[in-house]
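Next come the chains, spelled out residue by residue.
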Amino acid sequence: MQAFAMGTLRIGAMLALALSASACGSPPPLDKQLEAVSSWTATMQLARDEHGSGAITTTYATQLRDAALAALEESKQTIGQAAHSKTDSSYAAAALDSLRTAIRALNAETGS
Amino acid sequence: MGAVHLAHDVLDAQLVDQAQEKIGRVDVLLLELEEGHPPRVATIVIGGSARAERVGGWFVALRRGLRVLLGRREEHVSRIQFDKVRRIGDTIELDVDEKSLESEHLERWLKEHFVCRIPGARGDQK
Amino acid sequence: MKKWSEVALGVITSIGGFLEVGSIATSTQGGAEFGYRLAWVLVLGTLSLALLMEMTGRLAAVSKRTYVDLLRERFGYRFFLLPLVAVFLVSFLVLASEIGGVSIALQMATGINFAWWAIPVALLGWVLLWRGTFGIVEKGTALLGLVALVFAVGALKLHPAWPAVGHGMLPSLPSDNRARYWYLAVSILGASISPYLYLFYSAGALEDGWTMEHLGVNRVTAGLGNVFGGGLAVAALIAAALVLAPREIKVDRYEQIAMVLASPLGRAGFVLFLATLCITCFGSTLEIVLALAYLLAQGFGWSWSENLKPEKDARFATVYTVLILLAAVPIAIGANPLTLTNVSMVATAASLPVTVIPLLALMNDGDILMKHVNGWASNVALVVIALLSVALLVAALPLQLLGG
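Please read all numbers here as calculations on a predicted model, not as lab measurements.

Undergrad: Any details on the overall build of chain B? Residues and values, ideally.
TA: Scanning chain B from terminus to terminus reveals 4 helices and 7 strands. Going residue by residue from the N terminus, the α and β elements of chain B occur as α-β-β-β-β-α-α-β-β-β-α. In terms of principal-axis extent, the alpha carbons of chain B reach across some 55 × 35 × 25 Å. A burial count over chain B gives 25% of its 126 residues as buried. Once local pairs closer than 6 in sequence are excluded, the contacts in chain B between residues at least 24 apart make up 50%.

Structure (structure tokens):
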């Protein structure tokens, strides 16, 4: 039973170690990052529509925009490292541009 | 009830005092060995240090280390003679008063120094 | 007549208690990324939870002892330390996540950052625990938690293709993104089958003074209540599959989830989503803190009851006081609530073997249950759940690394 308990402790320690390692690893590959950026672009477009129809408050739309801005900043830092060719870089630039446009459109809608 | 299994029905069972207040569990059961007499079940022990010994040396050391860090030196262990047992059932009733038990020290200390200083703590039922 | 009101209240409690931060987050993540394809995991989780709750409730009603009492009494102190430590750690993580859920709902409503809300939320919870009875904590939050029915309304309004939903109820493999798929599957199971749920339920059976007479109430409560509750989680998954998945929106932040109801139901949906997140997470916060206090009090044989004044169970009251404030700290210093939730759900899934496997022995112990021991069907189901729990333990870490 003692071996069992020690084994469990060891597994716990490994889990903690692995979790911390996964939290500060290398940036995710390009396709994952592009997905994340376009997910935020779509979120901005949806938020603009829903704000237009009165479904969501300006307070909330502003928070969504701030979250998108944070995602944009983060991607600007890391997406360059993941883009290894010219085509990659132009994809990345286009994705970031659409996110910027979507954020601006939401800003115009909420009047900020 | 005829025979009672010590390990199955007594060890780790819930203990209550004369007033049916919960006073911990049977953490350790001791046999008394006396020259010229057969061994007999003599003592129920309640307390963290007794419990820790059941787990193993590493656990005793870990516990001791933590207590040094917290600055807690005194061990509060109750040793109760087996002839204080009044009834063995879902719980084990002892002919003792929780107020006199060393193992209830933490309960009394928290009640006095923490819980009762907060409004709304006093009384019986909510 | 009294029986029926007890049954109704019990079912409502289970419905209200099912949906909380973990199931809202993981169901919508699943729906957003994989459409209906993870619905079967919710079905599996719901059925498993219903069975585990029925069994721990039956143990308590027949033996007048809680599951924790029996873990200590029948397996001894040495073994007991394992479930004690495992359940304590994962439940604490889930507790912090629930406080995060309430805080983020308040942030969405007011614009004031979630970190500021954690301590006030914990204090309000503590006041309710200090002053309130078990009935108030359990029934009060559960009745308010019925606001979660808005997920069902939202899902129906989106007109899902029912044959496709039905298809999702059957296990299937995705063609790509397998690690992420299984990661979410494990998270969903962790969110559905939380040990605190059945520890709380079995202690609640004693708080409410259950006897053999309540075996029927127990069966209906555990069964129907969880099936309805699981149905709401499926509704959340459906709504996410129809609002988020077509737009390829992945849930990176809690803020995005509100769209799931704002889109089909407008402002009412938005407001009710915030209310649901806030109330259900708050209810779960109270349940988990109590479950943790029960765990320690019952394990060590201290005096305990939410119906007693704190001076009558000073250690019990101190434990919930300290824990609810301590659990507010990660959120108060700005930990990401969604990350915390996801990690907690996977950790919960990994912790299941130590509370599920001992049930196999207890549910077949004639000394405890007499003629109410498990039948063969319950035993087969329990063995399946036990095997599932071991699979979750083995898979949790690799999946956290690959799909988290």
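Undergrad: So what about the overall build of chain C? Which residues, and what values?
TA: Of the regular secondary structure elements, chain C holds 17 helices and 0 strands. Relative to a compact globule of 404 residues, whose C-alpha radius of gyration would be 22 Å, chain C shows 20 Å and is just as compact. Taken along the three principal axes of its C-alpha coordinates, chain C extends 55 × 45 × 45 Å. Among the 404 residues that make up chain C, the fraction classed as buried is 63%.

Undergrad: Lay out the packing of helix α12 (residues 259-300) of chain C against helix α13 (residues 314-332) of chain C with the relevant residues and their values.
TA: All names here are of chain C. Taken N-terminus to C-terminus, the directions of α12 and α13 make an angle of 140°; their axes are 9 Å apart at the nearest point. As far as their axial angle goes, α13 and α12 are oblique. α13 is crossed by α12, and the crossing has right-handed handedness. Contact residues: α12 offers Val-289, Leu-290, Leu-292, Ala-293, Leu-296 and Ala-297, while α13 offers Arg-315, Phe-316, Val-319, Tyr-320, Leu-323 and Ile-324. Taken together, the residues that form the contact of α12 with α13 break down as 11 nonpolar, no polar and 1 charged.

Undergrad: Just give me the short version of helix α6 (residues 134-145) of chain C, but keep the residues and values in it.
TA: Residues and elements named next belong to chain C. An ideal rise of 1.5 Å per residue puts 16 Å on 12 residues; α6 measures up with 16 Å between its terminal C-alpha atoms. Among all positions of α6, only Val-137, Glu-138, Thr-141, Ala-142 and Gly-145 are buried. Along the axis of α6, the buried residues cluster in a sector spanning 100°; they form a single face.

Undergrad: Tell me what's going on with the interface of chain C and chain B, and back it up with residues and numbers.
TA: Between chain C and chain B, the residue contacts involve 26 residues of the former and 27 residues of the latter. When contributions to the side of chain C that touches chain B are tallied by element, the ones reaching two or more residues are α4 (67-110), α5 (114-131) and α13 of chain C. Counting residues per element, the side of chain C that touches chain B draws most heavily on α4 of chain C, which supplies 7 residues. Classifying every residue of the side of chain C that touches chain B by side-chain character gives 9 nonpolar, 6 polar and 11 charged.

Undergrad: A description of helix α7 (residues 150-157) of chain C should follow, citing residues and the corresponding values.
TA: All names here are of chain C. For α7, every residue scored as buried is listed here: Val-150, Phe-151, Gly-154 and Ala-155. Mapping the buried residues of α7 onto a view down its axis gives an arc of 135°, with all of them on the same face. The secondary structure elements touched by the buried residues of α7 are α11 (215-243) and α12.

Undergrad: Now, about the interface of chain A and chain C: what can you tell me, with residues and values included?
TA: Of the residues lining the interface, 25 residues belong to chain A; the matching set on chain C comes to 29 residues. Of all the secondary-structure elements, those providing two or more residues to the side of chain A that touches chain C are α1 (2-23), α2 (30-52) and α3 (58-82) of chain A. Residues that form the side of chain A that touches chain C fall into these classes: 13 nonpolar, 10 polar and 2 charged.

Undergrad: How would you summarise the pairing of strand β2 (residues 22-25) of chain B if you had to cite specific residues and measurements?
TA: Inspection of the sheet shows strand β1 (residues 14-16) of chain B paired to β2 of chain B by 2 bridges, in the antiparallel sense. For Gln-14 of chain B, the partnering residue across the bridge sits in β2 of chain B and is Arg-25 of chain B.

Undergrad: Hey, could you go over the sheet that holds β2 of chain B for me, with residue numbers and the actual values?
TA: Residue and element names in this part refer to chain B. Strands sit in the order β2-β1-β7-β6 across an open sheet of 4 strands; the sheet is mixed. The outermost strands of the open sheet, each flanked by one partner alone, are β2 and β6 (85-88). For this sheet, the mean angle separating the axes of adjacent strands, direction not counted, is 25°. Pairing geometry for β6 and strand β7 (residues 92-94), over 3 bridges, is antiparallel. Of the residues in β7, the one forming a bridge with Val-85 is Leu-94.

Undergrad: Got a sec to walk through the confidence of the model for chain C? Specific residues and values, please.
TA: Residues and elements named next belong to chain C. Per-residue pLDDT for chain C averages 94, and the proportion of residues at 70 or more is 100%. No element of chain C has a lower mean pLDDT than helix α1 (residues 2-18), which averages 79, and none a higher one than α13, which averages 98. For this predicted complex, the interface confidence comes out at an ipTM of 0.95, alongside a pTM of 0.93.

Undergrad: Lay out the nonpolar core with the relevant residues and their values.
TA: Most often, soluble globular proteins have nonpolar side chains that are buried together. Of all hydrophobic cores here, the largest spans 183 residues; its most connected members are Leu-199, Ala-239, Ala-258 and Val-289 of chain C. When residues in this core are grouped by element, the largest group, 26 residues, is from α12 of chain C. If sequence neighbours within four positions are ignored, Ala-239 of chain C has contacts with Gly-31, Phe-151, Gly-154, Ala-155, Leu-158, Val-260, Leu-261 and Pro-264 of chain C. With 12 residues, the next largest nonpolar core counts Val-16, Ile-23, Ile-92 and Leu-94 of chain B among its residues.

Undergrad: Can you tell me about the packing of helix α3 (residues 39-63) of chain C against helix α10 (residues 195-207) of chain C, naming the residues and giving the values?
TA: Axes are the key here: two packed helices are described by the angle between their axes and the distance separating the axes. Residue and element names in this part refer to chain C. For the pair α3 and α10, interaxial distance at closest approach is 8 Å and the crossing angle is 30°. With respect to their mutual orientation, α3 and α10 come out roughly parallel. Taken as a pair, α3 and α10 cross one another with a handedness that is right-handed. Residues Leu-49, Leu-52, Met-53, Thr-56, Gly-57, Leu-59, Ala-60 and Ala-61 of α3 lie in contact with α10, whose contacting residues are Leu-197, Tyr-198, Tyr-201, Ser-202, Ala-205 and Leu-206. The class makeup of the residues in the contact of α3 with α10 is 11 nonpolar, 3 polar and no charged.

Here is what the cut-offs are and how they apply
- Residues numbered from 1 in each chain as written.
- Chains lettered and ligands numbered in written order.
- Predicted model: local features only at pLDDT ≥ 70, side-chain atom pairs only at ≥ 80, totals over all residues.
- Helix = DSSP H or I, 4+ residues; strand = E, 2+ residues; numbered from the N terminus.
- Buried ≥ 20, exposed ≤ 12 C-beta atoms within 10 Å, placed from the backbone.
- Contact = placed C-beta atoms within 7 Å.
- Rg over C-alpha atoms; globule rule 2.2 N^0.38 Å.
- Axes fitted to C-alpha atoms, helices over the stretch in contact; angles between N-to-C directions.
- Parallel < 35°, antiparallel > 145°, perpendicular 65-115°, else oblique.
- Left-handed = near helix turned anticlockwise from the far one by under 90°.
- Nonpolar A, V, L, I, M, F, W, Y, C, P; charged D, E, K, R; others polar.
- Expected span 1.5 Å × (residues − 1).
- Arc of directions from axis to C-beta.
- Pairing = 2+ DSSP bridges.
- pLDDT = per-residue confidence, 0-100.
- Core = buried A, V, L, I, M, F, W, Y, C linked by C-beta atoms within 7 Å.

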